[in-house]
Amino acid sequence: MSSLDQYDAAITPADIDQQETQEWLDALEAVLDREGAQRAHFLLERLIDMARRSGAHIPYSLNTAYVNTIPPGLEPAHPGNMILEERIRSYVRWNAMAMVVRANQYEPEDGGSLGGHIASFASLATMIECGQNHFWHAESADHGGDLIYFQGHSSPGMYSRAYLEGRLDEENLINFRQEVGGKGKGLPSYPHPKLQPDFWQFSTVSMGLGPMMAIYQARFLKYLHARGLADTATRKVWVFVGDGEVDEPETLAAIGLAAREKLDNLIFVVNCNLQRLDGPVRGNGKIIQELEGAFRGNGWNVLKLIWGGYWDPLFARDKEGLLRRIMEETVDGEYQAYKANDGKFVREKFFGKHPKLLEMVSRMSDEDVWRLNRGGHDPHKVYAAFASAASHQGQPSVILAKTIKGYGMGHVGQAKNPTHQQKKLDVDSVREFRDRFNIPIPDDKVDEIPFFKPAADSPEMKYLHEHRKALGGYLPHRREKADESLPVPPLDAFKAVLEPTGEGREISTTQAFVRVLNQILRDKDLAPRVVPILVDESRTFGMEGLFRQIGIYAPEGQKYVPVDKGQVMYYREAANGQLLQEGINEAGGFCSWIAAATSYSVSNRIMIPFFIYYSMFGFQRFGDHAWAAGDMLARGFVLGGTAGRTTLNGEGLQHEDGHSHIQASLIPNCVAYDPAFAHEVAVIIHSGLKRMMHDQENVFFYITVMNENYPHPGLTAGDEEGILRGMYKLKSVAAKGKAHVQLMGSGTILREVLAAQELLEKDWGVSSDVWSVTSFTELRRDGLDVERHNMLHPGEPAKDAYITAQLKKTEGPVVVSTDYIKAYGDQVRPYIPEGRRFKVLGTDGYGRSDFRSKLREHFEIDRHFVVLAALRSLAEDGVLDIKKCAEAITKYGIDPNKANPHHA
């Protein structure tokens, strides 16, 4: 047997009856010719089903051949002017490259370069330009606008196109990544709506977040349409994802949801340039085949865009399927190497794998072999894939597009492992780039790397503007405010929550929130815009009544009779349901919240999202998404339920939150509160409605609510300002002598502080003021603002922070106790009036399971430790004898040798 025969035998299973095989193949071919692929697919499925029912083992594979899904004969004609589009694409490539290289030509004396990326956009340019010229609608009178999640590292390409469009000028490009020293002309490194609020829509460079947010965004568009709030039927969500980015768990986390809810308004474009940031994605495997299995297995419509048109004649001559088999066997590490070298290398290493393949290209020059292109760089193939995805119904679509990272960057960057970090090019490389893309820049100007923009009346510029005009305008573009403003009822609309609970009645702040929510749902203007979002804890938070009241959104309605149909609050799903029930999925719930919280910008509809979840599983789980929400100027309410380290008493270490307020404080536009009473909850939510939904202020609210029941005192007129600014005096015990203290608390621990006030008076004759601190974070931010003002305005009288001004009216040391780590209360230390002693109690350490009283004793935040801290402070001030502290330790049974809860 010859070596060729041995090779064929190794890769082809033995055929015991070739004539029979050929008859089956001929029959299938006849069906394909006469009745089409759909009929052939049906027959094959019936045959497979019959074989399996007869007990035959039929191997199953989610993978198709390593070729384009759309064969050449089924590709639609490209509708554009290919010559002009290629020129525009080349100009965009050049300016994107020039922007990054110029930004890194010179390093200042303090060292360090600005960075930037050339290679990512270089691999995407053909696909981006196809979308810009033919598919992506901007918001207009008759179209809500398509939503494009651009790969973050490709931002120079979008700036470059905006420069050609006249939306950015040369000074903008010169000041790429110079936002501080750029005289107001600087461009942010990546898509950041906060920094370019009229340009970027979505934050995507924290890889993995964009794809997940996009899936829930596509679902929210369907939700708006189903509820009759906006016509989103023609809108599409396009998502550009790197093949290395799919290693981020969030990237593929929600693809099952997309298929389950038939999100045919969603299109993923996976840029398979075969490289991560440091090297090959699947050097020993095939990322396109892997992703095909993942998406197809989850029910997506998969379009493989692997080979460009120059391969088509070779495929036509590949009667034995040998070329396809070699393509299948070749791993991605090899494919990367082919495009990092030259045609001679490709001939030897790829076609040299089989003599028949060498014969196939024997009449092709090395230059011809090198020209064999990849699908993602062929405008005809890209258009065909985009058109197929855009018209597909009933499923989300994914285009797996094979590209070259650093395409066109020549010997220094194309397909090389370090190409992601390539931000500097020498003059020869720049000249090579110019020649490769035919940029009309003379040799004597090349070393200046000038930006290039054709004349306004040139065919290219006319073509560019005409196509974007036909599609409604320019992209990316962001709406900063909705055209509408929701009317907010007066505070007394929440009268039932503002009043005292009455004799013998106890509720939790969670129940208070639900009552506020129900009141909003009775308001004819606000009710339709409310979006309650839960992650499978409705009954925990007492919100199961919403099931029947407003229904759970389910695109296909409810196809079963729920087991609790006979109960008042049965589980009701509806096609126009209002509540989003996300299952046990905090990240998914927050992505739905982001979609609703940015709807004012994305869909010109102000929504009122309330996302409630276990607080411990909030910022810990979706902290990166929460930061992105701040960047995207989200507006809405995020509620951490069963909050506090000791309030969720039975659940233990992983469930008890003592630090979410610190995490929330890191996000500049997150306004965070820890209310203790129902009236505080009502005042805070009313303020949020006014600030976000009426005034359209770019903030979002984080509110912690608890499940501990107790009486609520009701609102005293005049306390509203203090509640919102962060603190107000709740109760005073008149001074009887020199011993007087200020006691501060928040959340459920405020009740321990109130109890400590009674003990201080009864047992030690110490008078006090108790302050309800609704937000140590807001107090700190106010203090920072005042501190900065005073430093920068030395010629003006110094201002006082709000907390400073309030405490200056009082006397005595200040003691704080909260259900959060000490750092939470300690935020305000710099703003305590000079000379006043300040002690903070908190729940540093891991949580425990026990009764609340035991947990508060364990963490040293209960009434007895508040008293002890107050006595110690007074003793240190010389107002009391230090022996009083020892007496208190004995009196209250405090163990001085107990383990520090931080270490226990």
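This text goes with the structure placed above it.
Residues numbered from 1 in each chain as written. Predicted model: local features only at pLDDT ≥ 70, side-chain atom pairs only at ≥ 80, totals over all residues. Heavy atoms only, no water.

K.L.:
Hey, could you run me through the sheet that holds strand β9 (residues 580–581) in this one?
P.N.:
A sheet is described by the order of its strands in space; here six strands give the open sequence β9-β6-β10-β11-β13-β12, paired in parallel fashion. The sheet is open, and its two edges are formed by β9 and β12 (670–673), each paired on a single side. Relative to β9, strand β6 (residues 530–534) runs parallel, the two sharing two bridges. When the sheet's bridge partners are listed, Ile533 is paired in β9 with Leu580. (Pairing = 2+ DSSP bridges. Helix = DSSP H or I, 4+ residues; strand = E, 2+ residues; numbered from the N terminus.)

K.L.:
Would you explain the pairing of strand β5 (residues 397–402) in this entry?
P.N.:
Across a regular strand the side chains alternate sides, sitting on one face of the sheet and then on the other. The buried count for β5 comes to six of six residues, which makes it a mostly enclosed element. With burial as the criterion, each face of β5 is covered, one bearing Ser397, Ile399 and Ala401 and the other bearing Val398, Leu400 and Lys402. With five bridges connecting them, strand β4 (residues 301–305) and β5 associate as parallel partners. Counted as the bridge partner of Leu303 is Ile399 from β5. (Buried < 20%, exposed > 50% of the residue type's maximum accessible area, 1.4 Å probe, protein only.)

K.L.:
Where do I start with the nonpolar core in this structure?
P.N.:
Most often, soluble globular proteins have nonpolar side chains that are buried together. Ranked by internal contacts, the top residues of the largest apolar core, which has 92 residues, are Leu266, Trp311, Leu323, Phe350, Phe351 and Trp593. The leading source of residues in this core is helix α8 (residues 209–226), at eleven residues. Excluding residues that lie within four positions of it along the chain, Trp311 makes contacts with Leu323, Met327, Phe350, Phe351, Leu372 and Asn373. (Core = buried A, V, L, I, M, F, W, Y, C linked by side-chain atoms within 4.5 Å. Contact = heavy atoms within 4.5 Å.)

K.L.:
Before we go on, may I ask you to explain the sheet that holds β4 in this structure?
P.N.:
Hydrogen bonds between backbone atoms are what pair the strands of a sheet, whose relative direction is either parallel or antiparallel. The strand order across the open sheet formed by five strands is β1-β2-β3-β5-β4, and the pairing between neighbours is parallel. Of all the strands in the sheet, the pair left with one neighbour each is β1 (147–149) and β4. Averaged over all pairs of adjacent strands, the angle between their axes in this sheet comes to 15°, without regard to strand direction. Of the strands in this sheet, β2 (237–242), β3 (266–272), β4 and β5 are in contact with helix α17 (residues 379–391), which crosses β4 at around 175°. (Axes fitted to C-alpha atoms, helices over the stretch in contact; angles between N-to-C directions.)

K.L.:
Please explain helix α24 (residues 586–597) as it appears in this structure.
P.N.:
Residues separated by three or four positions in an α-helix point in the same direction, a consequence of the helix having 3.6 residues per turn. For α24, spanning twelve residues, the distance from its first C-alpha to its last is 16 Å, which sits close to the expected 16 Å at 1.5 Å a residue. With eleven of twelve residues buried, α24 is to be regarded as a mostly interior element. Within α24, the full set of buried residues consists of Glu586, Gly588, Gly589, Phe590, Cys591, Ser592, Trp593, Ile594, Ala595, Ala596 and Ala597. (Expected span 1.5 Å × (residues − 1).)

K.L.:
Please explain the side chain of Asp782 as it appears in this structure.
P.N.:
With respect to the helices, strands and loops of the structure, Asp782 is situated in helix α31 (residues 776–792). Apart from residues lying up to four places away in sequence, Asp782 is in contact with Arg725, Ala801 and Tyr802.

K.L.:
I'm lost on the packing of helix α22 (residues 509–520) against helix α28 (residues 678–694) in this one. Help?
P.N.:
Packing of α22 against α28 leaves a shortest axis separation of 9 Å and a crossing angle of 40°. With respect to each other, α22 and α28 are oriented oblique. With respect to the hand of their crossing, α22 and α28 are arranged in right-handed fashion. Residues Thr509, Ala512, Phe513, Val516 and Ile520 of α22 pack against Ala678, Val681, Ala682, Ile685 and Leu689 of α28. Considering only residue class, the contact of α22 with α28 consists of nine nonpolar, one polar and no charged. (Parallel < 35°, antiparallel > 145°, perpendicular 65-115°, else oblique. Left-handed = near helix turned anticlockwise from the far one by under 90°. Nonpolar A, V, L, I, M, F, W, Y, C, P; charged D, E, K, R; others polar.)

K.L.:
What is the right way to look at helix α20 (residues 459–470) in this model?
P.N.:
With twelve residues, α20 should cover 16 Å at 1.5 Å per step; its first-to-last C-alpha distance of 16 Å lies within 8% of that length. Along α20, the positions that sit buried rather than exposed are Glu460, Met461, Tyr463, Leu464, His467 and Arg468. Down the axis of α20, the buried set is contained in an arc of 165°. They therefore lie on one face. When the buried face of α20 is taken as reference, the exposed residues oriented beyond 90 degrees from it are Glu466, Lys469 and Ala470. Looking at the buried side of α20, the elements it contacts are α4 (82–103), α5 (119–134) and α6 (155–165). After α20 finishes, the residue Gly472 shows a positive phi value of roughly 100°. (Arc of directions from axis to C-beta.)

K.L.:
When you look at the packing of aromatic side chains in this model, what are you seeing that I'm missing?
P.N.:
Each aromatic ring pair is characterised by the separation of its centres together with the angle its planes make. On inspection of all chains with the given rule, the structure shows 55 aromatic pairs. Where Tyr673 meets Phe701, the ring centres are 5.9 Å apart and the plane angle is 45°; that geometry is what we call tilted. Of this pair, Tyr673 sits in strand β12 while Phe701 sits in strand β13 (residues 700–704), placing them 28 residues apart in sequence. The buried category is assigned to Tyr673, whose relative accessible area is 1%. (Phe/Tyr/Trp six-rings, centres within 6.5 Å; stacked < 30°, edge-to-face > 60°.)

K.L.:
What is the right way to read the pattern of salt bridges from this model?
P.N.:
A side chain with one charge may pair with a side chain of the opposite charge, provided their charged atoms come close. Under the criterion given, the structure shown has 57 salt bridges. Of the charged contacts, one joins Arg539 and Asp564 as a salt bridge, the two residues approaching to 3.4 Å between their closest N and O atoms. Note that Arg539 is positioned in the loop between β6 and α23 (545–550) and Asp564 in the loop between β7 (552–553) and β8 (573–574), a separation of 25 residues in sequence. Residue class for Arg539 comes out partly exposed when judged on its relative accessible area of 49%. By relative accessible area, Asp564 is classed as buried at 10%. The residue Arg863 makes a salt bridge to Glu752 at a minimum N-O spacing of 3.0 Å. Of the two residues, Arg863 sits in helix α35 (residues 863–876) while Glu752 sits in helix α30 (residues 749–764), which places them 111 residues apart along the sequence. Its relative accessible area of 32% is what places Arg863 among the partly exposed residues. Looking at Glu752, the relative accessible area reads 10%, which means it is buried. (Salt bridge = Lys/Arg side-chain N within 4 Å of Asp/Glu carboxyl O.)

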